[in-house]
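Given next are the chains, with one letter for each unit.
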There are 4 protein chains.
Amino acid sequence: MSIAHASSISHVALKTLDVEQQAKFYTQMVGLGETERDNSGRVYLRCNENHHAVVLIPSTETGIDHYALHMGSTANLEAAAAALSHAGIPYETETNTKLGQGNALRLRDPDGYVIELIGEMTQVNPHYGPRAVQPRKLGHITLLVQDCKQSAAFYSEVLGFRISDWVDDIFLWMRCNPDHHGIAFAKAPADSKLHHFAFEVKDFSYLARQADHLMNNNHTLLYGPGRHGPGENHFEYFRDPENNLIEFLSNIQQIWDDTTYEPKIWDSRQRWVNLWGPEGPADFL
Amino acid sequence: MSIAHASSISHVALKTLDVEQQAKFYTQMVGLGETERDNSGRVYLRCNENHHAVVLIPSTETGIDHYALHMGSTANLEAAAAALSHAGIPYETETNTKLGQGNALRLRDPDGYVIELIGEMTQVNPHYGPRAVQPRKLGHITLLVQDCKQSAAFYSEVLGFRISDWVDDIFLWMRCNPDHHGIAFAKAPADSKLHHFAFEVKDFSYLARQADHLMNNNHTLLYGPGRHGPGENHFEYFRDPENNLIEFLSNIQQIWDDTTYEPKIWDSRQRWVNLWGPEGPADFL
Amino acid sequence: MSIAHASSISHVALKTLDVEQQAKFYTQMVGLGETERDNSGRVYLRCNENHHAVVLIPSTETGIDHYALHMGSTANLEAAAAALSHAGIPYETETNTKLGQGNALRLRDPDGYVIELIGEMTQVNPHYGPRAVQPRKLGHITLLVQDCKQSAAFYSEVLGFRISDWVDDIFLWMRCNPDHHGIAFAKAPADSKLHHFAFEVKDFSYLARQADHLMNNNHTLLYGPGRHGPGENHFEYFRDPENNLIEFLSNIQQIWDDTTYEPKIWDSRQRWVNLWGPEGPADFL
Amino acid sequence: MSIAHASSISHVALKTLDVEQQAKFYTQMVGLGETERDNSGRVYLRCNENHHAVVLIPSTETGIDHYALHMGSTANLEAAAAALSHAGIPYETETNTKLGQGNALRLRDPDGYVIELIGEMTQVNPHYGPRAVQPRKLGHITLLVQDCKQSAAFYSEVLGFRISDWVDDIFLWMRCNPDHHGIAFAKAPADSKLHHFAFEVKDFSYLARQADHLMNNNHTLLYGPGRHGPGENHFEYFRDPENNLIEFLSNIQQIWDDTTYEPKIWDSRQRWVNLWGPEGPADFL
């Protein structure tokens, strides 16, 4: 039994040098809608009825500031706080409150990434004007870590994630609901930063549409479309203007029976990144 | 005015070391149907009502033996013969007659590729049993040549092709009907062989389905899916067991007004192979 | 707490007047593969690694003979048997054993439909040769019943299904896993028979493909493609030669959090069958 | 030889009671972009680089005002004027000049529909902001007429259209370029009005997307998606707020060899409207 139980990936908060440029890219190129801005200049962006899936934070740096997990309810969040205290896991009550969400806790994972836990989010109008492609939800977050097994132990014991698949000791995927992965880890001892985060679209045809949309606006994919081994999902990757890597995915494997699912173990010397064949560029992994 | 006027790409004939292995691959993996075999062991394969789009010829070598253009009618073929004679272009009447087609002429292009001209083809049942993907037609043939402009001059003056696009002096596409290209040339002075040939499918969703079909049978794509600049078509490439390169394409640009169409000239230093971005492997071009 | 807990829809067994004609239709038009036949002439058909999703039973009648639920494991099946006995729910041990599955129980629902419970199924090769469309799985079964609420009570209390949505007292959908519905009921007091059963395909493009495939073989859709309100899934319907109604569906709503999901209640006077608009023929409902 | 030769369908001009409501619908629901408005309040709407595909004309009525054919060039337009004069076909030079197009001629077809002939159109930016679906072009216009054969004779002799297919004496399709039809006629002796006009989209997946887009905005399809017999195209139909019927289509048959194409003759008692099967509502035809 784990201490707490995340129920879904809520949002990712990015530090940004040029918030206007990023807001424009995320609304026009990623298909998000701007919900609102707060007094500190943070921009809240959504892709469905949830108030935000991405938060842009004005900064002198780029990269991930924190990311958030939804615990399912305010009661669950309070239970998580109590259980964390009981287990001696340090956390803070979020003081610099963001818009659109209730109280929050913050703790750090073994690599120092800031994880925010929330129990509720304001529901808003999901129809914010046409987009070439409007994602359905934030799907997962992939982090560079020191040690995948160490990360897996933390996320399993503290936050209730289950291991889905892994590749040797270099990559590991975990789920907190039937989506094959909500969080993933890639081994990169020299670095502690976001590898990418992913939005889910309805089906494969939307990946072509997004690729055409980027093309028509002088942007390009870094990799894809293709089909990942772990998760079986279709994928494509592109970068935002501040070099954050974004995945669009569809048709991810659903694992709803935790008692019968057996993690797949992939051999790094075999094909696993793209079962269709083509490999990514050198700077992808 | 050109001497003769091809109206469509008819078929490609491949020399093959292992005709059974190739026949199995083309029926099961490319989605063709075997129409019949002749006394010399040649296998005739189709993808629509035309008797053959691919002919496999038992041989001690691999690679292209010849390819064929359809002149539209027997009368057109006879007119072409007369016009070629009048112009002093050497050709032969085909003696080793293939099944499913009437009389044929054979001539050679500047690089020595054997071009067969036909005027009729037997129409057969296009429903030959389910396939994961059944292509709609043979779309084009791309040849490695000494000099793209020399090839273009020959195909324009002798066979009525029009130039669609080109990239510096390294690539050139020509059409004989509204499809953006039916024949294409890639500069490769050291070599005189087929670069690839292409089958058209209904739309982009069939490229995903074909990629999944190959994956499920332990084959992989070499490149794609993506979107070419010249022709605007979606593409993906894979190899047959004897290393011939096959393209599946969809949504190719239609050029029906030859009086207003302006060839696009691409700069080899700019993006043109894949407007979506990802580049092919080193052995693609 | 319910007595037992179904984990998925296993298969449907159809009585058939002309088993060869039906086997041909289900393999060629529905995209199934014939696994094997038993001594009594029953034909076992699959669409994935499970030994059968459809069983054809030679008979002097047509229509449903029984359908089967998978309990997840042999242990679960044994636990279900004990719990049913303890609760005084009558059942029989299946004596006329089918191939490819272990022991089974049989009980009857309030309308007399025979429900088979199984705990294991032989796993076989899911690649049985190309099909125009190979379904991914049997998705659900919809039955005509006397009283939807009475049926819902039985399936909830005895077999662990949860109510997903309903329309007045005329239609009701239940799930036993994240798929929005695995079983559904339509009120039809004068009749006690199968309304339809459904196969899931990968995405919407496969519905077009299947419609084209039927068209090319002189079959037609009864209804669709469209988009259902309850379940949000894309749909299309066609009949087999013995008039059984088959649905192909894609993109069905996933409900993985039973604690937060609220059933949607549809008004029969509002649009619910097809949110895209077009209505079905008079003999559809 | 015909008197003049249309090269493509240019635009349709609709009388409208509520120009703001229509402009909103055509931009938000049909995916067009507003190019500009003129002094008389007419709204020019585009879907590609052509200045307009639809013109909304403030009026006290609804329905078609006129539609326009592009002759390919100013020289062609002048040649058409001379040829019409020579043949004694009455026409007028357009005086109430529209924006974005050069000089124009106007003549009437046998049913009194006003046909505008143009020779040039201003090219503008085709990227006017994201749309759920941005059509590729205006595809065709279908008119209710007294006598399909009489209409066919006029469009053939005067404007160079060729007959593609027909159904008894009730429906007839004509082309002026490789698209199977650019103009079509439905027999309706009591009426002289537009039946519908059609926009082409990239492929079938865009029909699902458009249906979802309408659904999300409380609009519905009148009919489809399906597959027409004549033209083989996928289709779906919906109405604008003033009851004009709009078709979205994809994958229309390309006829590029007028010398070998044989018109298909459909029997009204056989299936032809939708080869997939489902019939339209009573008010569709």
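As the structure is a computational prediction, the values presented were derived from the model and not from experiment.

The rules behind these values
- Residues numbered from 1 in each chain as written.
- Chains lettered and ligands numbered in written order.
- Predicted model: local features only at pLDDT ≥ 70, side-chain atom pairs only at ≥ 80, totals over all residues.
- Heavy atoms only, no water.
- Helix = DSSP H or I, 4+ residues; strand = E, 2+ residues; numbered from the N terminus.
- Buried < 20%, exposed > 50% of the residue type's maximum accessible area, 1.4 Å probe, protein only.
- Contact = heavy atoms within 4.5 Å.
- Areas by Shrake-Rupley, 256 points an atom, 1.4 Å probe, with all protein chains shown as cover.
- Lys, Arg positive; Asp, Glu negative; His and termini not counted.
- Charge placed at Lys NZ, Arg CZ, Asp CG, Glu CD.
- Least-squares fit on C-alpha atoms with pLDDT ≥ 70 in both.
- Expected span 1.5 Å × (residues − 1).
- Arc of directions from axis to C-beta.
- Polar contact = N/O pair within 3.5 Å; in protein donor to acceptor, adjacent residues only side chain to side chain.
- Buried area = accessible area lost by both parts, 1.4 Å probe.
- Salt bridge = Lys/Arg side-chain N within 4 Å of Asp/Glu carboxyl O.
- Nonpolar A, V, L, I, M, F, W, Y, C, P; charged D, E, K, R; others polar.
- Phe/Tyr/Trp six-rings, centres within 6.5 Å; stacked < 30°, edge-to-face > 60°.
- Axes fitted to C-alpha atoms, helices over the stretch in contact; angles between N-to-C directions.
- Parallel < 35°, antiparallel > 145°, perpendicular 65-115°, else oblique.
- Pairing = 2+ DSSP bridges.
- pLDDT = per-residue confidence, 0-100.

Regarding its fold elements, chain A presents four helices and 17 strands. Counting only C-alpha atoms, chain A reaches 55 × 50 × 35 Å along its principal axes. Out of the 285 residues belonging to chain A, those deemed buried represent 60%. Within chain A, contacts between residues at least 6 apart in sequence are counted, and of these 67% link residues at least 24 apart. Accessible area for chain A stands at about 10,800 Å²; split by element, carbon and sulfur atoms hold 47% of it. Between the averaged position of the 23 positive side-chain charges in chain A and that of its 36 negative side-chain charges there is a distance of 3 Å.

Before going further, it helps to spend a moment on the relation of the copies chain A and chain C. The two copies are related by a screw motion: chain A maps onto chain C through a turn of 180° and a shift of 0.0 Å along the axis, at an RMSD of 0.0 Å. The superposition of one copy onto the other is thereby described by a two-fold rotation axis. Identified as the residue of chain A closest to the rotation axis by C-alpha distance is D203 of chain A, at 3.2 Å. Comparing contact sets, 100% of the residues at the interface of chain A also lie at the interface in chain C, consistent with an isologous, same-surface contact.

This next bit is on helix α3 (residues 148-159) of chain D. Residues and elements named next belong to chain D. Its twelve residues give α3 an end-to-end C-alpha distance of 16 Å, which sits within 8% of 16 Å, the value for a rise of 1.5 Å per residue. Of all the residues in α3, the buried ones are C148, S151, A152, F154, Y155, V158 and L159. With its buried residues spanning 165° around the axis, α3 presents them on a single face. With respect to the buried face of α3, the exposed residues turned more than 90 degrees away are K149 and E157. By the N-cap criterion, in which a side-chain oxygen at the helix start approaches the backbone nitrogen of a residue two or three places on, α3 is capped by D147, the distance to K149 being 2.9 Å. Looking one or two places after α3, you find G160, whose phi comes out positive at around 80°.

At the junction of the two partners, chain A supplies 14 residues and chain C supplies 14 residues. Carbon and sulfur atoms make up 52% of the area that chain A and chain C hide from each other, which totals about 1,100 Å². Our enumeration of links across chain A and chain C arrives at zero salt bridges. At the boundary of chain A with chain C, the tally comes to four residue pairs in polar contact (both at pLDDT 80 or more).

Moving on to the interface of chain B and chain A. Contacts between the two partners involve 18 residues from chain B and, on the opposite side, 18 residues from chain A. Across the chain B to chain A interface the summed buried area is about 1,500 Å²; carbon plus sulfur atoms make up 67%. It is M215, W276 and P278 of chain B in chain B that bury the most area against chain A; as a group they hold 35% of the surface buried on that side. Where chain B packs against chain A, one counts two salt bridges. Among the ionic pairs, D212 of chain A bridges to R227 of chain B, the shortest N-O distance being 2.7 Å. For the interface between chain B and chain A, the tally reads six residue pairs in polar contact (both at pLDDT 80 or more). Residue composition of the side of chain B that touches chain A, grouped by class: eleven nonpolar, four polar and three charged.

Once that is clear, we can look at the relation of the copies chain B and chain A. Turning chain B through 180° and shifting it by 0.0 Å along the axis lays it on chain A, with an RMSD of 0.0 Å. Comparing interface residues between copies, 100% of those in chain B also sit at the interface in chain A, which points to an isologous, same-surface contact.

Let us look at the packing of aromatic side chains. Residue and element names in this part refer to chain B. In total, this model carries 70 aromatic pairs over all chains according to the counting rule given. The interplanar angle of 80° and the centroid separation of 5.4 Å between the aromatic rings of F154 and Y155 together place this pair among those described as edge-to-face. Judged by relative accessible area, which is 14%, F154 ranks as buried. On the accessibility criterion, Y155 (0% relative accessible area) is buried.

So, on to the packing of helix α4 (residues 205-216) of chain B against helix α4 (residues 204-216) of chain C. Contact geometry of α4 of chain B with α4 of chain C gives a least axis separation of 10 Å together with a crossing angle of 95°. Here α4 of chain C runs roughly perpendicular to α4 of chain B, going by the angle between their axes. Across from S205, Y206 and R209 of chain B in α4 of chain B, the residues of α4 of chain C making contact are S205, Y206 and R209 of chain C. Tallied by class, residues from the contact of α4 of chain B with α4 of chain C come to two nonpolar, two polar and two charged.

The next point concerns α4 of chain C. Residues and elements named next belong to chain C. Look at α4: 19 Å from first C-alpha to last across 13 residues, which is about the 18 Å you get at 1.5 Å a residue. Most of α4 is tucked away: twelve of the 13 residues are buried. Taken together, the buried positions of α4 are F204, S205, Y206, L207, A208, R209, Q210, A211, D212, H213, L214 and M215.

Another point: unusual backbone geometry. Note that the residue after G224 of chain B, namely P225 of chain B, is joined by a cis bond; omega there is 0°. In this structure, D168 of chain A takes a positive phi of about 40° despite not being glycine. Relative to the assigned elements, D168 of chain A resides in the loop between β10 (162-167) and β11 (171-175). In this structure, N243 of chain A takes a positive phi of about 80° despite not being glycine. Along the chain, N243 of chain A turns up in the loop between β15 (234-239) and β16 (245-250).

This part covers the pairing of strand β4 (residues 54-58) of chain D. Residues in a regular strand point their side chains to alternate faces of the sheet. Residue and element names in this part refer to chain D. Counted residue by residue, β4 has four buried out of five residues, so it is predominantly covered. Direction of pairing for strand β1 (residues 8-16) relative to β4: parallel, over a ladder of five bridges. Residue pairing for β4: A13 is matched across the bridge by V55.

Attention shifts here to the pattern of salt bridges. All names here are of chain D. Per the stated rule, a full pass over the model turns up 60 salt bridges over all chains. Between E94 and R106 there is a salt bridge; the shortest N-O distance is 2.8 Å. Here E94, found in the loop between β6 (92-93) and β7 (104-108), pairs with R106, found in strand β7; they are twelve residues apart in sequence, far enough to count as distant. By relative accessible area, which is 23% here, R106 ends up partly exposed. Notably, a salt bridge pairs E116 with R106, separated by 3.0 Å at the nearest N-O pair.

So, about the environment of P225 of chain A. By the secondary structure assignment, P225 of chain A is in strand β14 (residues 223-227). When its relative accessible area of 2% is taken as the criterion, P225 of chain A is described as buried. Sequence-wise, P225 of chain A and E236 of chain A are eleven residues apart; in three dimensions their C-alpha atoms are separated by 4.7 Å. If sequence neighbours within four positions are ignored, P225 of chain A has contacts with F204, F235, E236 and W276 of chain A together with G224, P225 and W276 of chain B.

Moving on, we get to the sheet that holds strand β9 (residues 137-145) of chain D. Residues and elements named next belong to chain D. Read from one edge to the other, the open sheet built from nine strands follows the order β14-β15-β16-β13-β9-β12-β11-β10-β17, with strand pairing classed as mixed. Looking at which strands have only one partner, the edges of the open sheet turn out to be β14 (223-227) and β17 (264-266). Neighbouring strand axes in the sheet, compared pairwise and without regard to direction, differ in orientation by 20° on average. Pairing of β9 with strand β12 (residues 183-187), which is carried by five bridges, proceeds in the parallel orientation. Across the sheet, residue L144 finds its bridge partner in β12, namely A186. In this fold helix α4 (residues 205-216) packs onto β15 (234-239) and β16 (245-250), with an angle of close to 20° to the strand it touches most, β15.

Attention now moves to the confidence of the model for chain A. Scored by pLDDT, chain A has a mean of 96; 100% of the residues are at 70 or more. With pTM at 0.96, the complex prediction returns an ipTM value of 0.94.

Residues and elements named next belong to chain A. In space, the nine strands of this open sheet follow the order β14-β15-β16-β13-β9-β12-β11-β10-β17, with mixed pairing throughout. With partners counted over all chains shown, the strands left at the sheet margins are β14 and β17 (264-266), one partner each. Strand-to-strand twist in this sheet, taken as the mean axis angle between neighbours without regard to direction, amounts to 20°. Along the sheet face, helix α3 (residues 148-159) touches β9 (137-145), β10, β11 and β12 (183-187) and points at about 160° away from the line of β12. Each of β14, β15 and β16 touches helix α4 (residues 204-216); the most contacted strand, β15, lies at about 20° to it.

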